[in-house]
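Okay, here's what each chain looks like letter by letter:
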There are 2 protein chains.
Amino acid sequence: MKKIAELFKTLSDVNRLRLLMVLDRKELCVCQLMGIVGLSQPLVSRNLSILARMGFLEERKEGKLKFYRIKKNLTDEKNTIMELLRRSLSEDDIYLQDMEAVQDCTEFQKRTGRCDMDAYKKFMKWRMEKRSKRDTQKEVV
Amino acid sequence: MKKIAELFKTLSDVNRLRLLMVLDRKELCVCQLMGIVGLSQPLVSRNLSILARMGFLEERKEGKLKFYRIKKNLTDEKNTIMELLRRSLSEDDIYLQDMEAVQDCTEFQKRTGRCDMDAYKKFMKWRMEKRSKRDTQKEVV
DNA sequence: TTAATATATAAACATATGTTAATATTAAAA
DNA sequence: TTTTAATATTAACATATGTTTATATATTAA
């Protein structure tokens, strides 16, 4: 009983849910995740390790970078939850924003060929500009 | 996103999970629930209202007693979670103990014809004795 | 080996949460 | 109406949690 309660507790934080769903879309490293969800490095790191410890993620090291992704053989329980999340969030604002950011991140990396902290600071800045541009357009309309 | 996080938070407490699963078996009033899960009255009351506020329970008043049960038309989301819980807990120690207590409670009520605080204090005492008897038997075996 | 960089961990803090003890509310019985 | 009993709510407290800042670890490059 305690185990399931803890499973739910793991999923009771918006930042962790965001990371989980972003990784459900694509394997990513910490600095990419920082750029996508816009959270500090320690916060991303901490929440990733909580998700990993709970058995949702697996980790892979590649040089200095550490990649995370959804574990291949999730338990039935966790698979059910993932399906529930995909269904429930399919029209969620934050979720859709994050999915767009994953897309942008992939393109940004293809274009710049870089994957490091500095590149992702630039990526975040670029995204902010992109978003504010869209918002002012909306205001005009 | 925040909504689902809060849904999970609601389920991240063992006492709430116990109450939810007990009520999944049978509609019960607060004093019966106290006897079954062995928690204080304010604690039972509080957790019931949290579950009700989140949309898991519906309430019904009958004289001084207040009965709670699982809401009839749960959302798909919540139904999925209930099914998950039933599956995941089917062999859980605490869950099985609680289910036995529900059974005992029903019998106790049939036998005594009473449903009030005093009766349930006696019920709890009786259950404690029953359990300690069983435990000493196990030791002998 | 040293310097630089990506990630993890620790310390410190504020906030949130669960729990108990005390009190309020509500409905029935006297 | 007054009293009793069931449930709800509040206040107070301890613990847990999320967040930031600072620091440690580990890997690559110089």
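Further up the page is the structure itself.
Computed from a predicted model, the values in this text were never measured in an experiment.

Asks: Before we go on, may I ask you to explain the interface of chain A and chain B in this structure?
Replies: For an interface, size is often stated in terms of accessible area lost upon the parts coming together. On the chain B side, the residues contacting the 23 residues of chain A number 24 residues. Counting the surface lost from both chain A and chain B, the interface buries some 2,100 Å², and carbon and sulfur atoms represent 79% of this. Linking chain A with chain B are zero salt bridges. Our enumeration of links across chain A and chain B arrives at four residue pairs in polar contact (both at pLDDT 80 or more). Residue assignment for the side of chain A that touches chain B shows that the elements contributing at least two residues are α1 (2–10), α2 (14–25), α5 (76–89) and α6 (93–112) of chain A. Per-element tally for the side of chain A that touches chain B: the top contributor is α5(A), with eight residues. In terms of residue class, the side of chain A that touches chain B is built from 13 nonpolar, three polar and seven charged.

Asks: Sorry, what's going on with the nonpolar core here?
Replies: Across soluble globular proteins, you tend to see nonpolar side chains buried next to one another. In terms of nonpolar packing, the biggest core is built from 92 residues, with A:Phe8, A:Leu57, A:Leu85, B:Phe8, B:Leu57 and B:Leu85 touching the most fellow members. Every residue in contact with B:Leu57, bar those within four places of it in the chain, is listed here: B:Leu20, B:Leu23, B:Leu48, B:Leu51, B:Ala52, B:Tyr68, B:Arg69, B:Ile70 and B:Lys71.

Asks: How should the protein's contact with DNA strand D be read in this particular structure?
Replies: The full set close to DNA strand D counts 23 residues, and A:Arg16, B:Gln41, B:Ser45, B:Tyr68 and B:Asp116 are the nearest of them. One of the side-chain N or O atoms of B:Ser45 is found 2.3 Å from a phosphate oxygen in DNA strand D. In the environment of DNA strand D, a phosphate oxygen lies 2.5 Å from a nitrogen or oxygen atom belonging to the side chain of B:Tyr68. At the level of secondary structure, the elements contributing two or more residues to the surface near DNA strand D comprise α2 and α4 (41–53) of chain A together with α3 (30–37), α4 (41–53) and β3 (65–70) of chain B. When the residues that make up the surface near DNA strand D are grouped by side-chain class, the tally is nine nonpolar, five polar and nine charged.

Asks: Help me understand the sheet that holds strand β1 (residues 28–29) of chain B in this model?
Replies: Hydrogen bonds between backbone groups are what pair the strands of a sheet, and the pairing can be parallel or antiparallel. Residues and elements named next belong to chain B. With respect to topology, three strands assemble into an open sheet ordered β1-β3-β2, the strand pairing being antiparallel. For this open sheet the edge positions go to β1 and β2 (57–62), each flanked by a neighbour on one side alone. Relative to β3, β2 runs antiparallel, the two sharing six bridges. Pairing of Glu59 across the sheet is with Tyr68, part of β3. Sitting on the sheet, helix α2 (residues 14–25) touches β1, β2 and β3, and the angle it makes with β3 is about 85°.

Asks: Is there a simple way to explain the pattern of salt bridges in this structure?
Replies: Any two side chains of opposite charge can pair, given that their charged atoms come close. All names here are of chain B. Tallied over the full model, the rule gives 21 salt bridges over all chains. Between Glu62 and Arg60 there is a salt bridge; the shortest N-O distance is 2.7 Å. With relative accessibility at 32%, the residue Arg60 sits in the partly exposed group.

Asks: Could you clarify how one ought to interpret the protein's contact with DNA strand C in this entry?
Replies: For DNA strand C, the set of nearby residues contains 22 residues, the closest of which are A:Gln41, A:Ser45, A:Tyr68, A:Asp116 and B:Arg16. The contact atoms of DNA strand C, taken as those within 4 Å of the protein, divide so that sugar and phosphate hold 72%. For DNA strand C, a phosphate oxygen lies 2.5 Å from a polar atom in the side chain of A:Tyr68. Interatomic distance of 3.4 Å between a side-chain N/O atom of B:Lys61 and a sugar or linking oxygen of DNA strand C. Taken together, the elements giving at least two residues each to the surface near DNA strand C come down to α3 (30–37), α4 and β3 (65–70) of chain A together with α2 and α4 of chain B. Considered class by class, the residues forming the surface near DNA strand C number nine nonpolar, five polar and eight charged.

Asks: What exactly am I supposed to notice about the sheet that holds strand β1 (residues 28–29) of chain A here?
Replies: Residues and elements named next belong to chain A. Across the sheet, three strands lie side by side as β1-β3-β2; this open sheet has antiparallel pairing. Edge positions in the open sheet fall to β1 and β2 (57–62), since each of these has one partner strand only. Its contacts with the sheet place α2 against β1, β2 and β3, and it is angled at close to 85° to β3.

Rules of the game
Residues numbered from 1 in each chain as written. Chains lettered and ligands numbered in written order. Predicted model: local features only at pLDDT ≥ 70, side-chain atom pairs only at ≥ 80, totals over all residues. Heavy atoms only, no water. Contact = heavy atoms within 4.5 Å. Buried area = accessible area lost by both parts, 1.4 Å probe. Salt bridge = Lys/Arg side-chain N within 4 Å of Asp/Glu carboxyl O. Polar contact = N/O pair within 3.5 Å; in protein donor to acceptor, adjacent residues only side chain to side chain. Helix = DSSP H or I, 4+ residues; strand = E, 2+ residues; numbered from the N terminus. Nonpolar A, V, L, I, M, F, W, Y, C, P; charged D, E, K, R; others polar. Core = buried A, V, L, I, M, F, W, Y, C linked by side-chain atoms within 4.5 Å. Buried < 20%, exposed > 50% of the residue type's maximum accessible area, 1.4 Å probe, protein only. Near = heavy atom within 4 Å. Pairing = 2+ DSSP bridges. Axes fitted to C-alpha atoms, helices over the stretch in contact; angles between N-to-C directions.

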